[in-house]
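# Geometric and topological summary
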Amino acid sequence: AKSTTKLGRDSESKRLGVKLSDGQSAIPGNIIIRQRGSKYMVGAGTRMGSDDTIYAVAKGKVKFSTFKKRNYDGNRRIVKRVSVV
């Protein structure tokens with residue numbers, strides 16, 4: 001009996017991550033971040049798609065900022081917010 005190889009069983013990469021960085025210009029429809037879960041939150045000029053993708057709905061420059069978000073249990077965590085201004 002021949003044995004099978006252990007190769008060729010890795011999953012395909014999902015190409016997640018930040019696509020437009022701080023200061024770059026964006027037009028409506030541009031994808032800014034592809035993510036799993038809400039690691040980055042939406043700000044002004046951006047919306048979140050059904051797969052948590054953040055995209056631009058206004059024309060302008062991409063801006064990243066941080067703020068403290070209150071969780072449901074009362075704790076605070078630092079969250080990155082993306083906006084197009």
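## Quick look at unusual backbone geometry
- Notably, R15 is not glycine yet its phi reads approximately 55 degrees, a positive angle.
- Here R15 lies in the segment before β1 (17–18).

## Details of the pattern of salt bridges
- Applying the stated rule across the entire model yields two salt bridges.
- E12 is the partner of R15 in a salt bridge, and the nearest nitrogen-oxygen pair spans 3.8 Å. Summarising the burial analysis for this pair, R15 and E12 share the class exposed.
- For D51, the salt bridge goes to R34, with nearest N and O atoms at 3.2 Å. Placement of the pair is D51 in the loop between β5 (46–48) and β6 (54–56) and R34 in strand β3 (residues 31–34), with a sequence separation of 17 residues.
- When its relative accessible area of 34% is taken as the criterion, D51 is described as partly exposed.

Rules of the game
Residues numbered from 1 in each chain as written. Predicted model: local features only at pLDDT ≥ 70, side-chain atom pairs only at ≥ 80, totals over all residues. Heavy atoms only, no water. Helix = DSSP H or I, 4+ residues; strand = E, 2+ residues; numbered from the N terminus. Salt bridge = Lys/Arg side-chain N within 4 Å of Asp/Glu carboxyl O. Buried < 20%, exposed > 50% of the residue type's maximum accessible area, 1.4 Å probe, protein only.

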